[in-house]
Protein chains: 6
Amino acid sequence: MKIHVVNPNSTASMTRAIAEVARATARKGTTIVASNPAQGPASIQGYYDIAACLPGLMAEAARYRDIDALVVACFDDTGVDALRAMLDVPVIGIGEAAYHAASLISARFSVVTTLPRSVPGLEANLRRYGLMARCASVRASNVPVLDLEQGGPEAERLIAAQVERAVEEDMADCIVLGCAGMSDLRARLSKTFDLPVIDGIGCAVGFMETLHAAGLSTSKAGAYSSPVLSVSA
Amino acid sequence: MKIHVVNPNSTASMTRAIAEVARATARKGTTIVASNPAQGPASIQGYYDIAACLPGLMAEAARYRDIDALVVACFDDTGVDALRAMLDVPVIGIGEAAYHAASLISARFSVVTTLPRSVPGLEANLRRYGLMARCASVRASNVPVLDLEQGGPEAERLIAAQVERAVEEDMADCIVLGCAGMSDLRARLSKTFDLPVIDGIGCAVGFMETLHAAGLSTSKAGAYSSPVLSVSA
Amino acid sequence: MKIHVVNPNSTASMTRAIAEVARATARKGTTIVASNPAQGPASIQGYYDIAACLPGLMAEAARYRDIDALVVACFDDTGVDALRAMLDVPVIGIGEAAYHAASLISARFSVVTTLPRSVPGLEANLRRYGLMARCASVRASNVPVLDLEQGGPEAERLIAAQVERAVEEDMADCIVLGCAGMSDLRARLSKTFDLPVIDGIGCAVGFMETLHAAGLSTSKAGAYSSPVLSVSA
Amino acid sequence: MKIHVVNPNSTASMTRAIAEVARATARKGTTIVASNPAQGPASIQGYYDIAACLPGLMAEAARYRDIDALVVACFDDTGVDALRAMLDVPVIGIGEAAYHAASLISARFSVVTTLPRSVPGLEANLRRYGLMARCASVRASNVPVLDLEQGGPEAERLIAAQVERAVEEDMADCIVLGCAGMSDLRARLSKTFDLPVIDGIGCAVGFMETLHAAGLSTSKAGAYSSPVLSVSA
Amino acid sequence: MKIHVVNPNSTASMTRAIAEVARATARKGTTIVASNPAQGPASIQGYYDIAACLPGLMAEAARYRDIDALVVACFDDTGVDALRAMLDVPVIGIGEAAYHAASLISARFSVVTTLPRSVPGLEANLRRYGLMARCASVRASNVPVLDLEQGGPEAERLIAAQVERAVEEDMADCIVLGCAGMSDLRARLSKTFDLPVIDGIGCAVGFMETLHAAGLSTSKAGAYSSPVLSVSA
Amino acid sequence: MKIHVVNPNSTASMTRAIAEVARATARKGTTIVASNPAQGPASIQGYYDIAACLPGLMAEAARYRDIDALVVACFDDTGVDALRAMLDVPVIGIGEAAYHAASLISARFSVVTTLPRSVPGLEANLRRYGLMARCASVRASNVPVLDLEQGGPEAERLIAAQVERAVEEDMADCIVLGCAGMSDLRARLSKTFDLPVIDGIGCAVGFMETLHAAGLSTSKAGAYSSPVLSVSA
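Residues numbered from 1 in each chain as written. Chains lettered and ligands numbered in written order. Predicted model: local features only at pLDDT ≥ 70, side-chain atom pairs only at ≥ 80, totals over all residues. Heavy atoms only, no water.

(A) Broad picture of the relation of the copies chain D and chain F. The two copies are related by a screw motion: chain D maps onto chain F through a turn of 120 degrees and a shift of 0.0 Å along the axis, at an RMSD of 0.0 Å. Read as a symmetry element, the transformation amounts to a three-fold axis. Closest approach to the rotation axis within chain D is made by the C-alpha atom of Glu169(D), at a distance of 7.2 Å. (Least-squares fit on C-alpha atoms with pLDDT ≥ 70 in both.)

The following block contains the structure:
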């Protein structure tokens, strides 16, 4: 099968890193096509960026027509509902993929994300999905998205500090990394804290393969029925 | 004060009707400026339209700079979070305005909206706002938005039928009209069923006047802090 | 329009202060009539006072017959349900008014109130209204209601300390002042912490004006239907 | 031990019936003292009556000083919070007693009460107690409280009709009778529908005996701490 | 009446202590029969033990046929649902008994239990019962169940430390002891912290006496209908 | 990888059917080992069977030591928590697998299961998982598990009738088949009603492959930490 992984921000280096992670978990026979809009926010940090990246994201989704599934590689799951209505193939965001995976292997997961301004949006998603019931906390590391790109010990230190507090104070037994740019840290944090650390990209790819194998796609019988296009011009 | 009322769809006749309702409840001294994007969906029916109207909506919001408040005149409250981050003035959607008003005058309100595909999005909003606790049901009348424009007895009959079921089956004691295009029916339905029927437009205008008089505006200390613009091109 | 603002405690100096705040936000053409019971608790601190002030509150509400709306100027919203059933005009408590206003301008508000014993009652209200979903915390300052009357730096210091903890520990981006006697501090706290601080009195007045302009009043079709008086004697 | 059972309405015949039911389940050694206010609503039907009966209820509670526990024999649990703060002995309402008992013997209970106007108040109680999670429905029989006094086949028929719908439509496996005046019907309805039917009076008495035997009483460490009396006159 | 109190673990000394507590609150005329499985986990600490003790627990329940009620004397309420389906007499777990009792005498209770691994199971129970709405926190003392048997100042110190934090940090006004082995500490902790401290054993016994006096038993009309035995061999 | 699929009931023909469905969605390279206890309930219908099958289920899980994952092929997800603590490999129930899959492709799913007595247990699971937020209804078809084995038009007719009601009355846009024995009907029902119909077996297998590819397994840092075996004998 062919999975289109769209990074909704316009930072191409991030898209390349995302594609690499996606390919690392994809099964043989799965092709990963990764892309990002040429224009739009360089990173998605808060509600304005979530909305501002939509036109580019939807245009990217429309560009690739022979795909079997679309993954939105932004932890805010921006545009997922609109894309489910727009496309006939299944659509998953990496945020929801990570939360569902965490629910299958832990009793209480915590999310460690970038800036405080993103926390309410993630919490709103968790409530809508119902999975706030499984979430111990959503914590901000104060590391901006694009600083993750450069990596370095300071970003990792700040993120590890929040993982530690999630374990100690919130009794989390599993950590969800709340940004597509944190994948690099996954294995190391998991080893340091001796608990599962989840990155949503690989989970989203695997869930798509599962839906594909099970013959399942987005329901067109309700909220996601195809839009009657009524665009004036 | 000056309130910008944006209809996020591109149907100018609907904007005119909205402006009229807004002006009817505005206090003396309040100026209503109403506009709509020239392009984009002709009506907002479901998740695709909600996303597709955003660029036009945000451009309209950016066009008027000397305003004191912005009302999103779409019952889905599309774009409200992004606009709160983008603007320094308060932003209210007519959906949330109607729900808050209903909470102040009734014990259990029901929403009667247009197509079934819009119901899950409205329910998701109500859950986020917390006000699902006050909502008896969200019912679809199967009347498309643009059919409301033409009015006629059939649309009214279908809507009244759902109001009746909300009262009889769901024990609603108040009805919220779930589309900016239903304002015309408000007074008549209220009289027929002898209970309050709420249209969000006037409520949103009044709430803005209240916030203005109380010296309150959107918090810039958290989720709605001004975006660091990072648009690549 | 004419709004009756009832302070349910018997402290007349507090009623005068409340009336002043109400008049400051009322639009031209709105008359504020403020009163309090001659007898009953001098302040409302906990469940006993909430019940003990009811006879006086209801008698005050019955005394003024030519009013268009009634505001209960006690942050516990005591008696609001009974008054909605008893009167034909809309009734709002300043607690609910403040919570609804906070929901329109922030993502997560915290309440800072007087004594710890009042916290569970406020939380119970927030749950009933559904707005606990928007509330980060309800914090007690340990300042008794009547100490607020005298003001002074110590009361303000204790309240500011809880505002600070709400912002730091609970990630609140908006503060609701949890007592009618705290109005004085509003502007200063808002400036100090650079976020919206809400006092319910002005909000309740503005919401009443909004309902009035929109032709809305308490539903008499359900929980608030007029009582069949069956008082024995 | 000595349990004071207060009927908060002023209908003495109802008080006698309540006392009889209370004595039927009380253990040997438990004395039941039943009383009602001489004045106030003849029945409690909706929010107005709930508030209007409070002065009489609190005066009755203050009249008997050598008691070990107080039961509020009104299904709305009116005044329970205030009485917990006012008294040093435990206080239970028959509504909460019935809900807790139902939670111990069934998976999904339904409540069948008197008038529709009482339903929202009962639902609000169930939400506060948390036990809405166990409740399949709250149904109104349209039988006014005082009609229950006279009994007769019509009242029973209307109540049985709602029991039947609760079982068939709401999948209830247990029925809670939502009025102190329905106790007579308990045994017969239980036999007809072959499932437990609960009347709160006996449950409240037994729970008081349990608390007494376990050495437990209302916590005075938080919401129910004794009021600092500050009544002006 | 005759109440069978089953300790689902295989530690006979613990069963003896439980029986003593049960008898201390039972009314005259109530016989307590206490037993435990000869085999199975020596203590119930986490999900594995909860499942592993079931065969022994169910066998014990089947051994005593002339009883009127069965109490599961394990704070996890293990097996309660299965036993309700299996037996015709009422079944209560000491966990749920304690939570219901706490709900009747306090506004916010906290649970102090043994190991952290038990916390998620207790929280899941509280959510199912609905009573998480009344629970301020579930705290682990890090004292293993069998260490409680030996008692000693260290176990008590660790438990008291969590009680203190529940009061200070979580605003609890009532403490529920989260293990059948903590009964000894009840009176002393209650005196030290001047608030009610609840042990579920006595509450469960009293609730059984209440159900018995009220003629109530487990509903056989739904989830707890008697199993159609279909055991192959 | 090697996945052990355990049918917790003792009906070997059902195990064979389950294995077939599991193999149909498994990727090349995945080995499915299916087994069932020789003894225990022939089908799992309600809380008694859920508990009664546990010893056999746990013994089966202990028999196969070289596996990479364990799937509990019973829609009640019986024993999943205990097995997560007991084993070092990930454990998923087919109920939770189906709910998570439904959450990824629909807005509101309904469950159609066998007997009414199973409904409260499934609803309790959905609440614990948080996914009740996504569930429109859990409906019983009144078809016993073992009747599904024989199939025939009557069982299918009864199940289809509930699917129809879920779509019409509950606005479901996706159906989850609530029993491992219903897999046969999946494709036909999906075609008839033109919406996704989900069987949990294939989803559980695919999710296991995903976790395996992503290097994730059950957290041993909290609720699922390995038991300290303390079995007396």
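Structure's up, so let's keep going.
(B) Geometry of the interface of chain D and chain F. Every contact between the two is made by four residues of chain D and, on the other side, five residues of chain F. Summed over both partners, the interface of chain D with chain F buries about 320 Å², with 65% contributed by carbon and sulfur atoms. Among the residues of chain D in contact with chain F, Arg108(D), Ala133(D) and Met171(D) are the three that bury the most area, contributing 86% of the side total. Linking chain D with chain F are one salt bridge. Notably, a salt bridge pairs Arg108(D) with Glu123(F), separated by 2.7 Å at the nearest N-O pair. On inspection of chain D and its partner chain F, the count reaches one residue pair in polar contact (both at pLDDT 80 or more). Its residues assigned to classes, the side of chain D that touches chain F shows three nonpolar, no polar and one charged. (Contact = heavy atoms within 4.5 Å. Buried area = accessible area lost by both parts, 1.4 Å probe. Salt bridge = Lys/Arg side-chain N within 4 Å of Asp/Glu carboxyl O. Polar contact = N/O pair within 3.5 Å; in protein donor to acceptor, adjacent residues only side chain to side chain. Nonpolar A, V, L, I, M, F, W, Y, C, P; charged D, E, K, R; others polar.)

(C) Broad picture of the interface of chain C and chain B. Taken together, the contacts link 44 residues of chain C with 44 residues of chain B. Of the roughly 3,300 Å² buried between chain C and chain B on both sides combined, carbon and sulfur atoms contribute 64%. On inspection of chain C and its partner chain B, the count reaches two salt bridges. Counting the contacts that link chain C with chain B gives 13 residue pairs in polar contact (both at pLDDT 80 or more). Of the residues forming the side of chain C that touches chain B, the biggest block, eight residues, is contributed by helix α10 (residues 200-213) of chain C. (Helix = DSSP H or I, 4+ residues; strand = E, 2+ residues; numbered from the N terminus.)

(D) Up close: helix α6 (residues 119-129) of chain C. With nine of its 11 residues buried, α6(C) lies for the most part within the structure. What α6(C) keeps buried is the set Val119(C), Pro120(C), Gly121(C), Leu122(C), Glu123(C), Ala124(C), Asn125(C), Leu126(C) and Tyr129(C). Of the surrounding secondary structure, the elements contacted by the buried residues of α6(C) are α2 (47-52), α5 (94-105), β6 (109-113) and β7 (135-140) of chain C together with α6 (119-129) of chain D. (Buried < 20%, exposed > 50% of the residue type's maximum accessible area, 1.4 Å probe, protein only.)

(E) Highlighting the relation of the copies chain C and chain B. Its rotation angle being 180 degrees, the transformation that places chain C on chain B also includes 0.0 Å of axial translation and leaves an RMSD of 0.0 Å. On this basis, the relationship between the two copies can be described by a two-fold rotation axis. For chain C, the residue whose C-alpha comes nearest the rotation axis is Gly130(C), separated from it by 2.3 Å. Most of the interface of chain C is mirrored in chain B, where 100% of its interface residues again form contacts.

(F) Seen up close, the sheet that holds strand β9 (residues 197-198) of chain B. Residues and elements named next belong to chain B. Across the sheet, four strands lie side by side as β7-β6-β8-β9; this open sheet has parallel pairing. Every other strand in the sheet has two partners, leaving β7 (135-140) and β9 as the edge strands with one partner each. Relative to β9, strand β8 (residues 174-177) is paired through two bridges, and the arrangement is parallel. Residue pairing in the sheet places isoleucine 175 in a bridge with valine 197 of β9. Set on the sheet, helix α8 (residues 153-170) makes contact with β6 (109-113), β7 and β8; between it and β7 the angle comes to about 150 degrees. (Pairing = 2+ DSSP bridges. Axes fitted to C-alpha atoms, helices over the stretch in contact; angles between N-to-C directions.)

(G) Seen up close, the pairing of strand β4 (residues 69-72) of chain B. Residue and element names in this part refer to chain B. Neither face of β4 is left uncovered, since the one carrying Ala69 and Val71 and the one carrying Leu70 and Val72 both have all their residues buried. Summarising the sheet, strand β1 (residues 2-6) and β4 pair through four bridges and their orientation is parallel. Following the sheet pairing, valine 6 is matched in β4 by valine 72. Across three bridges, β4 lies against strand β5 (residues 91-93) in parallel orientation. Each residue of the ladder has a partner; that of valine 72, found in β5, is glycine 93. In the classification by handedness, the crossover that spans β4, the intervening helix α4 (residues 80-86) and the parallel β5 is right-handed. (Right-handed = clockwise from strand over helix to strand, strands pointing away.)

(H) Seen up close, the pattern of salt bridges. Evaluation of the coordinates by the stated rule reveals 72 salt bridges over all chains. A salt bridge links Glu209(F) to Arg27(A); the nearest nitrogen and oxygen atoms lie 3.2 Å apart. Note that Glu209(F) is positioned in helix α10 (residues 200-213) and Arg27(A) in the loop between α1 (12-25) and β2 (31-35), a pairing that runs across two chains. For the pair formed by Glu209(F) and Arg27(A), the shared burial category is buried.

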